[in-house]
Amino acid sequence: MMAAILFFLMISILSATCTVTETVPSVISYLSENDKIRLKNVIDPGLNLQDVTSTYYSVYGYKFLQETIPNKEKICNYLSKSIGDGNNVIPETAFYIVSMWKIIDTCQGLPIPAITKALMNTIEKDTSTFAELYFAVNTLTLLSQKLTTEKSEKLAKTLQVALRKDESLWNLGYTFHIASDLGPVGTFAFDRIEDAIIQADEVNGQFLQFEGGLSITSFLVNGIFKLSSSLKKRPPLTSPQIVKLTNYLLSRRSVQTPKGVVSLFSALNTLGVNKYETLVCITLPEEGVIVSSKQPLVTIKVCDIFGKPLPTVPKVIANSATKVEDDTAIINKETLQSSTADKTLFTMDFMKAKPDRGFYKISVSAASVTNTIKIKVLSEVIVDYLEIGTGDADQTTQPKLARVTYPEKLNHKIEADSQQKLVVRFLLKDSANKKPMRVHQAFIRLSPAFVTNTYNDNEITFVAEPDNAHVYKFDMPLAVAAINFGYRSGDYNIELVIGDAILSNSFEWTIATVNLKFPDAVATESNEKNAFFKQKADIYTTKPEIKHMFREPEKRPPAFVSNLFTGLCLAPAFLLIILWAKLGVNISNFPLSISAITFHLGLGGIFLLFGIFWLKLNMFVTLRYLLGLGVVTFLAGNKLLSNIAHKHKLSH
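In this text the structure is predicted, and so the values were computed from the model without any measurement.

**Q** Is there a simple way to think about the packing of aromatic side chains in this case?
**A** For the structure on display, the rule yields 24 aromatic pairs. Seen in terms of ring centroids, Phe 485 and Phe 518 are 5.1 Å apart; in terms of plane orientation they differ by 25°. Their pairing is stacked. Highlighted residues: Phe 485 in the loop between helix H15 (478–481) and strand E21 (490–499) and Phe 518 in the loop between strand E22 (507–516) and helix H16 (525–530), separated in sequence by 33 residues. Neither Phe 485 nor Phe 518 differs from the other in exposure class; each is buried. Taken together, the ring pairs connect Tyr 56, Tyr 57, Tyr 60, Phe 95, Tyr 96, Tyr 134, Phe 135, Trp 170, Tyr 174 and Phe 219 into an aromatic cluster. Positioned above the aromatic ring of Phe 190, the side-chain terminus of Lys 233 is 4.9 Å from the ring centre.

**Q** Please explain the pairing of strand E20 (residues 471–477) as it appears in this structure.
**A** Successive residues of a regular strand alternate their side chains across the two faces of the sheet. When strand E16 (residues 420–430) meets E20, the two strands line up antiparallel, connected through seven bridges. Bridge assignment links Arg 425 to a residue of E20, and that residue is Lys 473. Strand direction decides the pairing type here: strand E19 (residues 465–466) and E20, joined by two bridges, are antiparallel. Across the sheet, Pro 466 pairs through a bridge with Tyr 472, a residue of E20. Two successive antiparallel strands, E19 and E20, enclose a turn made up of four residues, where His 470 displays a positive phi of approximately 70°.

**Q** What is the right way to read the packing of helix H2 (residues 33–43) against helix H14 (residues 258–272) from this model?
**A** The angle between the axes and the distance between the axes are what describe a pair of packed helices. Viewed as axis vectors pointing N to C, H2 and H14 meet at an angle of 135°, and their least axial separation amounts to 8 Å. Taken together, H2 and H14 sit at an angle that is classed as oblique. By crossing handedness, the relation of H2 to H14 is classed as left-handed. Residue-level contacts link Leu 39, Val 42 and Ile 43 of H2 to Pro 258, Val 261, Leu 264 and Phe 265 of H14. Here the residues of the contact of H2 with H14 sort into seven nonpolar, no polar and no charged.

**Q** Is there a simple way to think about the sheet that holds strand E13 (residues 381–392) in this case?
**A** Pairing between sheet strands relies on hydrogen bonds along the backbone, with the strands arranged either parallel or antiparallel. Overall, antiparallel pairing links the five strands, which are arranged E14-E13-E16-E20-E19 in an open sheet. Bordering the open sheet on either side are strand E14 (400–403) and E19, each of which pairs with just one other strand.

**Q** Any chance you could explain helix H9 (residues 169–180) here in plain terms?
**A** An α-helical turn contains 3.6 residues, so any two residues separated by three or four positions project in the same direction. The first and last C-alpha atoms of H9 sit 17 Å apart over twelve residues, in line with the 16 Å expected at 1.5 Å per residue. In terms of residue burial, H9 counts as a mostly covered element, since eleven of its twelve residues are buried. All of the buried residues along H9 are Leu 169, Asn 171, Leu 172, Gly 173, Tyr 174, Thr 175, Phe 176, His 177, Ile 178, Ala 179 and Ser 180. Against helix H7 (130–142), helix H8 (149–165), helix H10 (187–190), helix H11 (193–197) and helix H12 (214–231) lie the buried residues of H9.

**Q** Just to check I follow, could you spell out the nonpolar core for this structure?
**A** Soluble, globular proteins show a tendency: their nonpolar side chains are buried together. Residues Leu 155 and Phe 176 are the most contacted members of the largest nonpolar core, which totals 97 residues. When neighbours within four sequence positions are excluded, Phe 176 is seen to be in contact with Ala 189, Arg 192, Ile 193, Ala 196, Leu 220, Gly 223, Ile 224 and Leu 227. If you look at the next biggest cluster of nonpolar residues, it comprises 41 residues, including Ile 388, Val 439, Phe 485 and Trp 509.

**Q** Would you mind going over helix H6 (residues 112–124) with me for this structure?
**A** When the terminal C-alpha atoms of H6 are compared, their 18 Å separation across 13 residues agrees well with the 18 Å that a helix rising 1.5 Å per residue should span. Every buried residue of H6 is listed here: Ala 114, Ile 115, Thr 116, Ala 118, Leu 119, Met 120, Thr 122 and Ile 123. Summarising the contacts, the buried residues of H6 are in contact with helix H4 (72–83), helix H5 (91–104), H7 and H8.

**Q** Just checking my understanding: could you explain the confidence of the model for the protein chain for this structure?
**A** Do not read the predicted coordinates in detail wherever pLDDT is low. Put simply, the protein chain has an average pLDDT of 86, and 92% of its residues get 70 or more. This stretch, residues 1–21, has a pLDDT under 50; its non-local contacts, to residues over four places away or in other chains, come to zero contacts.

**Q** Would you take a moment to explain the environment of Glu 124 for this structure?
**A** With respect to the helices, strands and loops of the structure, Glu 124 is situated in helix H6. Classification of Glu 124 as partly exposed rests on a relative accessible area of 40%. Separated by 31 residues in sequence, Glu 124 and Leu 155 have C-alpha atoms that sit 8.3 Å apart. When sequence neighbours within four positions are dropped, the list of residues in contact with Glu 124 reads Lys 151 and Lys 154. Reaching out from Glu 124, the side chain makes a polar contact with the side chain of Lys 151 at a distance of 3.1 Å.

**Q** In this structure, what is going on with the packing of H7 against H9? I would like to understand it.
**A** Running from amino to carboxyl end, H7 crosses H9 at an angle of 20°, the nearest separation of the two axes being 9 Å. With respect to H9, the element H7 is oriented roughly parallel. Crossing geometry of H7 relative to H9 is assigned as left-handed. Packed against H7, whose contacting residues are Phe 130, Ala 131, Leu 133, Tyr 134, Val 137 and Asn 138, the element H9 presents Asn 171, Tyr 174, Thr 175, His 177 and Ile 178 at the interface. Class assignment of the residues belonging to the contact of H7 with H9 gives a composition of seven nonpolar, four polar and no charged.

**Q** How do you make sense of the domain arrangement of the protein chain when you look at a structure like this?
**A** It is common to give the size of an interface as the accessible area lost on bringing the parts into contact. Per the domain assignment, the segments making up the protein chain are domain 1 (281–377), domain 2 (381–516) and domain 3 (592–651). One C-alpha centre belongs to domain 2, the other to domain 3; they are set 93 Å apart.

**Q** Can you help me understand the sheet that holds strand E17 (residues 441–448) in this one?
**A** The sheet built from five strands is open, its strands ordered E15-E22-E21-E17-E18 with mixed pairing. Edge positions in the sheet fall to strand E15 (414–416) and strand E18 (460–463), since each has one partner strand and no second. Each strand of the sheet is rotated relative to its neighbour by a mean of 30°, with strand direction disregarded. Bridge count between E21 and E22: nine bridges; the pairing is antiparallel.

**Q** Is there a simple way to think about the pattern of salt bridges in this case?
**A** Opposite charge on two side chains permits pairing when their charged atoms draw close. For the structure shown, the criterion picks out 20 salt bridges. Linking Asp 181 and Lys 226 is a salt bridge whose minimum nitrogen-to-oxygen distance equals 3.6 Å. Note that Asp 181 is positioned in the loop between H9 and H10 and Lys 226 in helix H12, a separation of 45 residues in sequence. Notably, a salt bridge pairs Glu 387 with Arg 403, separated by 3.2 Å at the nearest N-O pair. One end of the pair, Glu 387, is in strand E13; the other, Arg 403, is in strand E14, and 16 residues separate them in sequence. Accessibility expressed as a relative area gives 18% for Glu 387, which makes it buried.

Parameters and conventions
Residues numbered from 1 in each chain as written. Predicted model: local features only at pLDDT ≥ 70, side-chain atom pairs only at ≥ 80, totals over all residues. Heavy atoms only, no water. Phe/Tyr/Trp six-rings, centres within 6.5 Å; stacked < 30°, edge-to-face > 60°. Helix = DSSP H or I, 4+ residues; strand = E, 2+ residues; numbered from the N terminus. Buried < 20%, exposed > 50% of the residue type's maximum accessible area, 1.4 Å probe, protein only. Lys NZ or Arg CZ within 6 Å of the ring centre and 35° of its normal. Pairing = 2+ DSSP bridges. Axes fitted to C-alpha atoms, helices over the stretch in contact; angles between N-to-C directions. Parallel < 35°, antiparallel > 145°, perpendicular 65-115°, else oblique. Left-handed = near helix turned anticlockwise from the far one by under 90°. Contact = heavy atoms within 4.5 Å. Nonpolar A, V, L, I, M, F, W, Y, C, P; charged D, E, K, R; others polar. Expected span 1.5 Å × (residues − 1). Core = buried A, V, L, I, M, F, W, Y, C linked by side-chain atoms within 4.5 Å. pLDDT = per-residue confidence, 0-100. Polar contact = N/O pair within 3.5 Å; in protein donor to acceptor, adjacent residues only side chain to side chain. Domains from an automatic or database assignment. Salt bridge = Lys/Arg side-chain N within 4 Å of Asp/Glu carboxyl O.

In structure tokens form, the structure reads like this:
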């Protein structure tokens, strides 16, 4: 029993130890000097003093870049003119102007009493929005104008009530920023941080962002850390979440708007100096890493998110290095050496492990974080042998082949006629291990030996295919290939083109000159079918005009038939009139009322409208008129029938 208890205690201790020492992923990129130069160019136009907002973005950007702000005196004059006497300034404008005033720190005095009064009025109004309260409170903080405890408590209650009605991400962000300036009164907002974080979207397991992009993500990051710092509490964010937020922000460093640049700068500055999590970037240098026998070193960059060295030089270890294709491990726990020229760079001799050519992933640890980087190992290809010659197209005899040594050219011209085929055989080997190899691109290119304007389109490239022994073969029966060359006989240069993403010496090699004698220009059906490729018609020529053909109208019947049919349709109406005349029409009971007259006029108007529709109107116009006539006729008819029914009831 005691042994079992000790066993479970050991398991618990080991589990706890693993949890404590668990590493977190590193940041996957950093803000380089080139990025800063490009972002500076984005914010520079704001110094033209066209509007306060753009000027604020430029001044704030220069502050982040730690560069001297040009034309400070002109900016101060512009701000003084924009603020005026401060009585009618809106909170947002006041925030921008006061922020720049503090950054420049050499401008003349502000009308602080007037600005303070205007901002206090905004805070005391019940109709002020979250944004107005945010700008007002932040500006008062910049001016060192603190709210009284009574006003702070009232503002806190106002924010809580407003959040119950609308707790959007922007409103939560405004609340975090405002609460951080309220001191202990703003503690209520700290509990809402998790409500915001839970709405973040994770992308590809590496990025964490809020719906709305860079602006809202930056705003929330700044608010969360500002509130946490004010209350002296660690923000309820895990280390991986902070890393993923940073990864997202750095992925947006190609932003093209001044507002986006300031959003990026402010959030990165907040994350980069936060005391709760040290952000470390493990990545490749900007130029990347390609390893070969001539350049055997793998260089890893370990820095902060601004590309600067860490306060303490870390121990950088390559935990493992495996080939991407088959996960073959070639390195285990190797320490990288620090560069003397750059404290952010660490190197190791990767070629000591004698890796095969290909792509490798290396797991690197530094300062309790890890990252996996990918490198490419190149190799040199050598042509072990190459044979070229001709053979019978029907394969009755073995081809006659001559060997050519790279990079020389065959010293005599090859002759080939329409009864033969051109044959090329070659084998490629890796220069490091002398093993046969395959490449992504192995082409045989034939081009006219004497290029003219007439024949310059006769260059044709064919693919050489390897067999199971990795020997590349190319056979071209002249009778079949003649159509591809336009049946133009003559001298052609034969070139071997070798290329691959993992070769350090891709090349083009002119092997020989061959005189091709094609058959007469009679394109038989079999030649068309067996051609290496068929010439396509010119798709850019003018196409025939497309003319729409309307359906021809049906042949109309003779006039006699049409008139007879019309007469037969009207016969019932004529018969009705005749019968009325014979029986006698009693109109004495016709009620002389407005409803009766309107009903009969409306009914007649409808019949008349149908007749006009038959002659000239279309359906839509007819329906529009029918709607008006129908409504009037319906109401009048309803009234008429009601009157008749009432009289009939009284008579009985």
